[in-house]
Amino acid sequence: MGSDLMYYVPAMGVLGLVVMIAKAMWVRKQDAGDQNMQELAGYIARGASAFLRAEWKVLGIFAIIAAILLAWSGTLVTHSDWVIAVAFLIGAFFSAFAGWIGMSIATKANVRTTQAARTSLAKGLQVSFNGGTVMGLGVSGLAVLGLSLLFIVFYKMYVNGASPNGEEMMTALEVLAGFSLGAESIALFARVGGGIYTKAADVGADLVGKVEAGIPEDDPRNPATVADNVGDNVGDVAGMGADLFGSYVATILSTMVLGREVVASGDNFNGLSPILLPMVIAGLGIIFSIIGTFFVRINKDTDSVMAALNRGNIGSIILTAIASYFVIDWMLPETMTFHRGDVVREIARMNVFWSIILGLVVGFLMSYITEFYTAMGRRPVMSIVTKSGTGHATNVIGGLAVGMQSTFLPILVLAAGIYGAFELAGLYGVAIAAAGMMATTAMQLAIDAFGPIADNAGGIAEMSGLPKEVRERTDILDATGNTTAATGKGFAIASAALTALALFAAYVGLAGITAIDIYKADVLAMLFVGGMIPFLFSSMAISAVGKAAMDMVREVRRQFREIPGIMEGTGKPEYEKCVAISTKASIREMILPGALALLSPVIVGFAFGPEALGGLLAGITVSGVLMGIFQNNAGGAWDNAKKSFEKGVEIDGQMWYKHKADKPSPPHQAAVTGDTVGDPFKDTSGPSMNILIKLTSIVALIIAPHINETGHAAFSAEENATTIMDSDAHDQAGHEMDAHGSTAAATSDASAAQRDSLERLSTRATDYSTKLITGYEVKGATGGMENDLMTFIMRAVPADKTTWIAFNEVKFNGAAMTPASNAQVDNTAEILKAYHTLKLEIGASGANGQAQADAMRNALIAKGIAADRLVARGYGADAPFATKPLYLDKAPTTGAALRVSER
């Protein structure tokens, strides 16, 4: 199959989309209930569509302006192209389309779930979960299809048979990063805008409806009820779909970028296997997620919905793990070498497999820990319930404490996962672990998306006045959905942490820096600034919810006050006005947080350079992960603490419900306050943290070649190109270094050689320099032999008889080299050591040409170069050279040259 494997990957994306269409058609065929139910569902569907249209108008303008800037910037640097703008627009469109798919099916599945719940809980789960499956398969199918097709196109445009580890592949992947940037940009605005929308409506509905008016949740008398249900779709469905689409793409891309630095000599894919592997794993994850959906079923109302969802999730994870073993054994060679600068790491094939297993385990543990902290009946949620008995303040204090405590175990799991994956397979191991974690995104998203559908179904049941048992069934689904939504967010933030590290590592490679030194004042300063940004971002998002909620509260109060008969059920609320308030507020307020995420890395990168930007990214990642876990878990725990009062809770030996003696229950009102505080935590700022982390890293990745060229990098752009080694350098370094990338021996030899030639170098023109993978620094003149030879090697130009490179500083006295020649001979030997498959022909002119060529060959052999890698021939009428080098015409008695005969 060879490198043609890349052409089979899109088929797996297509398969996901085909099954998605079949599932969507099945959902649409289900009974939508009576006329009243359909009318209410229509309000929700129209409100959601109106929001998306308004949001897309603003995002369309942003996308066009951003694409123009990207197209212009792509022409300014070597490793980019104006085509990056096309990739950006495709990524933005696919991200928005993924969100629309989820929202479209959710507004069809909600009322059908309500109707199905009139029959049984099992039927309600079947409809709601199939609705979620449509979204999961749509997101993963579009991601795999879009990314793989664009990779094929860019491979043909920029690589087309060149080394998979060379600069051509770097350009292809840099342009492909535009697809991820487009996806994450739309995801941020969709998540923040949708979160502001849904929580403004939810907070307004709760504060006036439940707390002030004492009416039930989703009561049709509450004007904000429809807006609240619309918000579930635009925030928790459309926003979440765009979010997970961006996360999925960023994870695969970061692994591909690092895969370019892994040399897989001897594989059956022309060295492409480390780059293709994450796409193949993602495609297989779609297939096994489809199989996993068949495990999600219950038979009777007393069966556990969460247990059914866990069966599907664990089943898809196990199948993916088993398949990964055979795929890796088939695709990868037994050992590979990761190369970057003077760091070399040998990677065993099976260590890549164990990294994927580690990623799957980390994802599962993160979901399990999140479930523990947010599920009804668990100790953390019950602790908040107990504190509700003493008032609003203690409820809020309890929720904050649970959220903060919930960061402990997830961070330990993440730290262990990162450390373990790095020990197994270096930076590539961390990236492939994230890819393994995200492989079952289709299943994770199906489980996550079923929650908002169930929530809507409960709202429609309440507003339609359906029998009590229907609402009880939808409440079971809704409560489970609250937990799965929290676990989904925990999963997303975990994947963001691993993906951000992979993106960070890719950025360092492209930016031409070797380390982030916090002893430098600018780096340390930006580390603190980066740590602050998630707090500022959260403040903007939460404040936006507060402003919009105030407008919502005023409107609901006005309608209660001015519309006759509204509380008696004879007057009809003006739902559309509440929908309009949430729409306008969310569109207006999403701009500033989005600008902060997009512009902060650009400003810091161009103002302070790539190393300071690295400090900023590190600060954002650490602070953002902690903020995300804290806010998601605190909000989820508060929500389920409130819902615990539906069936009654015991506080200090007394049972409490939502109402007591036809009056609102004080503990329940305290729980509503906590839930109101937690709403923007778990549905606006919290889930946006993972997008913030990845988006800033992707922006840094895009601008890396630009800030490298400005001179902030450790080497100039021309010199930095030589740090991206081809397969020859990788192979040699793999033999010279130990499994942990130790460079002590090679660096010691290189240092000795440098000391020996230090005196000679001091008298030479050394305006060109580059550091080899062994640590040796080659110095020479711009336009000299060293510059020309390294340029020839790095451009992967095929060896031919016409390409000769002059030894511009080698001089002879008869057949013997003069001492001035030694520095250039030293450099040639070190280059040959770094590129162990390189073979040279050495030519010299004049009557002593053969003897001079032999002298040079012998000098190189004396420095440890194998004799079979060197051929010496004099230049003359009988010599086998096809073309006479031009410089020999100028100095026929002293000229010497080399030719690369084998790379």
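Nothing here was measured: the structure is a model prediction, and the numbers come from that model.

**Student:** I'd like to hear about the overall build of the protein, residue by residue, with values.
**Tutor:** Within the protein one finds 27 helices and 15 strands. Counting across all 903 residues of the protein, residues that qualify as buried make up 64%. Taking contacts inside the protein between residues at least 6 apart in sequence as the whole, the part at least 24 apart equals 81%. As displayed, the protein offers around 30,900 Å² of accessible surface, 61% of which is attributable to carbon and sulfur atoms.

**Student:** Describe the confidence of the model for the protein, naming the residues involved and giving the relevant values.
**Tutor:** Confidence along the protein averages 82 in pLDDT terms, with 88% of residues attaining 70 or more. Counted against residues more than four places away or in other chains, residues 709–763, with its pLDDT under 50, gives 121 contacts. In the predicted structure, residues 877–894 sits below a pLDDT of 50 and forms 33 contacts with residues beyond four places in sequence or in another chain.

**Student:** Describe the packing of helix H11 (residues 392–405) against helix H18 (residues 610–643), and please don't skip the residues or the numbers.
**Tutor:** Remark: H11 packs on H18, axes separated minimally by 8 Å, with the N-to-C direction vectors making an angle of 135 degrees. Here H11 is positioned oblique relative to H18, judged by the angle of their axes. Like other packed secondary-structure pairs, H11 and H18 cross with a definite hand, here right-handed. Along its contact with H11, which presents Asn-395, Val-396, Gly-399, Leu-400, Val-402, Gly-403 and Met-404, the element H18 presents Phe-630, Ala-634, Ala-637 and Trp-638. Considered class by class, the residues forming the contact of H11 with H18 number 8 nonpolar, 3 polar and no charged.

**Student:** Any details on unusual backbone geometry? Residues and values, ideally.
**Tutor:** Positive phi outside glycine occurs at Asn-270, with the angle close to 55 degrees. If you trace the backbone, Asn-270 turns up in the loop between strand S1 (262–263) and helix H7 (273–293). Given a relative accessible area of 56%, Asn-270 falls into the exposed group. Phi is positive for Asp-652, which is not a glycine, with a value near 50 degrees. In this structure, Asp-652 sits in the loop between strand S4 (649–651) and strand S5 (654–656). Relative accessible area serves as the criterion here: at 73%, Asp-652 is assigned to the exposed category.

**Student:** Account for the pairing of strand S8 (residues 768–771), naming residues and giving values.
**Tutor:** When S8 meets strand S9 (residues 777–780), the two strands line up antiparallel, connected through 4 bridges. Across the sheet, residue Ser-769 finds its bridge partner in S9, namely Lys-779. In textbook terms, the turn of a hairpin is the stretch between consecutive antiparallel strands, and for S8 and S9 this stretch comprises 5 residues, one of which, Gly-775, has a positive phi near 100 degrees.

**Student:** Any details on empty space enclosed by the protein? Residues and values, ideally.
**Tutor:** Over the atoms rolls a probe the size of a water molecule, and in doing so it shows where empty space is left. Applying the stated criterion across every chain, the model contains 7 cavities of 30 Å³ or more. When its volume is computed, the largest cavity comes out at roughly 280 Å³. Forming the boundary of the largest cavity are 26 residues, of which Asp-236, Asp-455, Asn-482, Asp-639 and Lys-682 lie nearest the centre. Ranked by the residues each element gives to the lining of the largest cavity, the list is headed by helix H14 (residues 468–511), at 6 residues. Here the lining of the largest cavity is composed, by residue class, of 3 nonpolar, 6 polar and 17 charged.

**Student:** I'd like a description of the nonpolar core, backed by residues and values.
**Tutor:** Proteins that are soluble and globular tend to have nonpolar side chains buried together. Membership of the largest hydrophobic core comes to 227 residues, with the highest contact counts inside it found for Phe-151, Phe-245, Leu-277 and Tyr-507. The greatest single-element share of this core, amounting to 22 residues, is contributed by helix H5 (residues 167–213). Sequence-distant contacts of Phe-245, that is, excluding residues within four places in its chain, are made with Gly-91, Phe-94, Ser-95, Ala-98, Val-139, Leu-142, Ala-143, Phe-179 and Ala-183.

**Student:** Could you give me a rundown of the side chain of Thr-171, with the residues and numbers involved?
**Tutor:** Looking at where Thr-171 falls in the secondary structure, it is placed in helix H5. Take Thr-171: its relative accessible area is 9%, and that puts it in the buried class. Here Thr-171 is in contact with Thr-78, His-79, Ser-80 and Tyr-158, once residues within four sequence places are set aside.

**Student:** Any details on the packing of aromatic side chains? Residues and values, ideally.
**Tutor:** Evaluated as defined, the whole model comprises 18 aromatic pairs. Ring centres of Tyr-325 and Phe-326 lie 5.3 Å apart, and the angle between their planes is 85 degrees; this geometry places the pair in the edge-to-face category. The exposure class assigned to Tyr-325 is partly exposed, which follows from its relative accessible area of 34%. Ring centres of Tyr-325 and Phe-353 lie 5.4 Å apart, and the angle between their planes is 80 degrees; on these two criteria the pair is classed as edge-to-face. Taken together, the positions of Tyr-325 in helix H8 (residues 305–331) and Phe-353 in helix H9 (residues 349–374) put the pair 28 residues apart, joining distant regions of the chain. Taken together, Phe-93, Phe-94, Phe-97, Trp-100, Phe-179 and Phe-245 form an aromatic cluster joined through their ring pairs.

**Student:** How would you explain helix H15 (residues 521–562) if you had to name every residue and give the values?
**Tutor:** Look at H15: 61 Å from first C-alpha to last across 42 residues, which is about the 62 Å you get at 1.5 Å a residue. Of all the bends in H15, the greatest, near 25 degrees, is centred on Met-532, and the proline Pro-534 appears no more than four residues after it.

**Student:** I'd like a description of the environment of Ile-152, backed by residues and values.
**Tutor:** The residue Ile-152 is located in helix H4 (residues 121–159) in this model. If we ignore the near neighbours within four places in the chain, the residues touching Ile-152 are Met-6, Tyr-7 and Pro-10.

**Student:** Kindly report on the pattern of salt bridges, identifying the contributing residues and their values.
**Tutor:** Pairing between side chains becomes possible if they bear opposite charge and their charged atoms approach one another. If you walk through the whole model with that rule in mind, you get 29 salt bridges. Here Glu-472 ties to Lys-468 by a salt bridge, and the two come within 4.0 Å at their closest N and O atoms. Of the two residues, Glu-472 and Lys-468 are both situated in helix H14; the distance of 4 residues between them amounts to about one turn of the helix. With relative accessibility at 41%, the residue Glu-472 sits in the partly exposed group. A relative accessible area of 65% places Lys-468 in the exposed class. When salt bridges that share partners are traced, they join Asp-478, Asp-639, Lys-642, Lys-643, Asp-675, Asp-679, Lys-682 and Asp-683 into one network.

**Student:** Can you lay out the pairing of strand S15 (residues 896–902) for me, pointing to particular residues and giving the numbers?
**Tutor:** With 5 of its 7 residues buried, S15 lies for the most part within the structure. With 2 bridges connecting them, strand S10 (residues 805–806) and S15 associate as antiparallel partners. Residue pairing across strands places Ala-806 opposite Ala-897, the latter belonging to S15. Sheet topology note: the strand S13 (residues 839–844)/S15 ladder contains 6 bridges and is antiparallel. From the neighbouring strand, Ala-844 faces S15, where its bridge partner is Ala-896.

**Student:** Explain the environment of Thr-570 to me, and be specific about the residues and the numbers.
**Tutor:** Looking at the element boundaries, Thr-570 is found in the loop between H15 and helix H16 (575–589). A residue is classified by how much of its surface remains accessible, and Thr-570, at 68% relative accessible area, is exposed. When the C-alpha atoms of Thr-570 and Arg-221 are compared, they prove to be 9.2 Å apart, with 349 residues separating the residues in sequence.

**Student:** Describe the packing of helix H17 (residues 591–608) against H18, with residues and values.
**Tutor:** Relative to each other, H17 and H18 sit at 150 degrees, their axes nearing to 7 Å. Classified by the interaxial angle, the pair formed by H17 and H18 is roughly antiparallel. Like other packed secondary-structure pairs, H17 and H18 cross with a definite hand, here right-handed. Facing Ser-600, Pro-601, Val-604, Gly-605 and Phe-608 of H17, the residues of H18 in contact are Pro-610, Ala-612, Leu-613 and Leu-616. Residues that form the contact of H17 with H18 fall into these classes: 7 nonpolar, 2 polar and no charged.

**Student:** Describe helix H25 (residues 822–834), with residues and values.
**Tutor:** Over its 13 residues, H25 runs 19 Å from end to end, which matches the ideal 18 Å to within 8%, given 1.5 Å per residue. Summarising burial for H25: 11 of the 13 residues are buried, a large majority. Considered for burial, the residues of H25 that qualify are Ala-823, Gln-824, Val-825, Asp-826, Asn-827, Thr-828, Ala-829, Glu-830, Ile-831, Leu-832 and Ala-834.

**Student:** Quick rundown of a nonpolar patch on the surface? Include the residues and the values.
**Tutor:** Together, Ile-314, Ile-318, Ile-322, Tyr-325, Phe-326, Val-361, Phe-364, Leu-365 and Tyr-368 make up a nonpolar patch on the protein surface, roughly 800 Å² of accessible area in all. Secondary structure elements with two or more residues in the nonpolar patch: H8 and H9. The biggest single contributor to the nonpolar patch is H8, with 5 residues. Within the element layout of this structure, Val-361 appears in helix H9.

**Student:** Provide a residue-level description of the side chain of Glu-611, including the pertinent values.
**Tutor:** Position of Glu-611 relative to the elements: it lies in helix H18. Under the relative-accessibility criterion, Glu-611 is labelled buried at 15%. Side-chain polar atoms of Glu-611 contact the backbone nitrogen of Asp-517, separated by 2.8 Å. Those residues within four positions of Glu-611 in sequence are excluded, and the remaining contacts are Tyr-507, Ile-513, Ala-515, Ile-516, Asp-517, Lys-520 and Val-523.

Rules used throughout
- Positions within a chain are numbered from 1, following the residues in the order the chain's sequence is written.
- In keeping with the model being predicted, local features are shown solely for residues with a pLDDT of at least 70 and side-chain atom pairs are shown and tallied solely at 80 or more, while totals for entire chains, interfaces and linings include all residues.
- The side-chain values count all of the structure's non-hydrogen atoms but skip hydrogen atoms and water molecules.
- Working definition: helices are DSSP H or I runs of at least four residues, strands are E runs of at least two. Numbering for both runs from the N terminus.
- When accessible area is computed with a 1.4 Å probe and restricted to protein chains, residues below 20% of their type maximum are described as buried, those above 50% as exposed, and intermediate ones as partly exposed.
- Contact criterion: two residues are considered in contact whenever any of their non-hydrogen atoms come within 4.5 Å of each other.
- Methods summary: accessible areas were calculated by the Shrake-Rupley approach with a probe of 1.4 Å, and residue burial reflects only the protein chains presented.
- The score called pLDDT rates the predictor's confidence residue by residue, from a low of 0 to a high of 100.
- To obtain each axis, a line is fitted to C-alpha atoms, and for helices this fit is confined to the stretch in contact; angles are then taken between N-to-C directions over 0 to 180 degrees.
- Under this scheme an angle from 65 to 115 degrees is roughly perpendicular, one under 35 degrees roughly parallel, and one over 145 degrees roughly antiparallel; angles in between are oblique.
- In a left-handed crossing the near helix is turned counterclockwise from the far helix by less than a right angle, and in a right-handed crossing that turn is clockwise.
- Under the scheme applied here, ten amino acids are nonpolar (Ala, Val, Leu, Ile, Met, Phe, Trp, Tyr, Cys and Pro), four are charged (Asp, Glu, Lys and Arg), and all others, including Gly, are polar.
- Only strands joined by at least two bridges in the DSSP assignment are considered to pair.
- Cavity: a set of points on a 1 Å grid over the protein atoms alone where a 1.4 Å probe fits but cannot get out. Pocket: an open set with protein on both sides within 12 Å along at least five of seven lines, its lining residues, like those of a cavity, having an atom within 4 Å of a point.
- Grid points are joined across faces, edges and corners, and a volume is the space filled by probe spheres set on the points.
- Take the buried Ala, Val, Leu, Ile, Met, Phe, Trp, Tyr and Cys residues and link them wherever side-chain atoms come within 4.5 Å; each set so joined is a nonpolar core.
- A pair of Phe, Tyr and Trp rings is counted when the ring centres sit within 6.5 Å of each other, with Trp represented by its six-membered ring. The angle between the planes then sorts it: under 30 degrees is stacked, over 60 is edge-to-face, the rest tilted.
- A helix is expected to span 1.5 Å for every residue after the first.
- Bend, in this description, refers to the angle at a residue between axes fitted to the seven residues ending there and the seven starting there.
- The term salt bridge refers to a pairing of a side-chain nitrogen on Lys or Arg with a carboxyl oxygen on Asp or Glu at a separation within 4 Å.
- Only residues whose relative accessible area exceeds 30% and that form no salt bridge are eligible for patches; like-charged ones are grouped when within 9 Å, while nonpolar side chains (Val, Leu, Ile, Met, Phe, Trp, Tyr) are grouped when within 5 Å.
- Identification of polar contacts relies on pairs of N or O atoms within 3.5 Å, with a donor-acceptor requirement for protein atoms, meaning one able to donate a hydrogen and the other able to accept it, and with residues adjacent in sequence counted only if both atoms are side-chain atoms.

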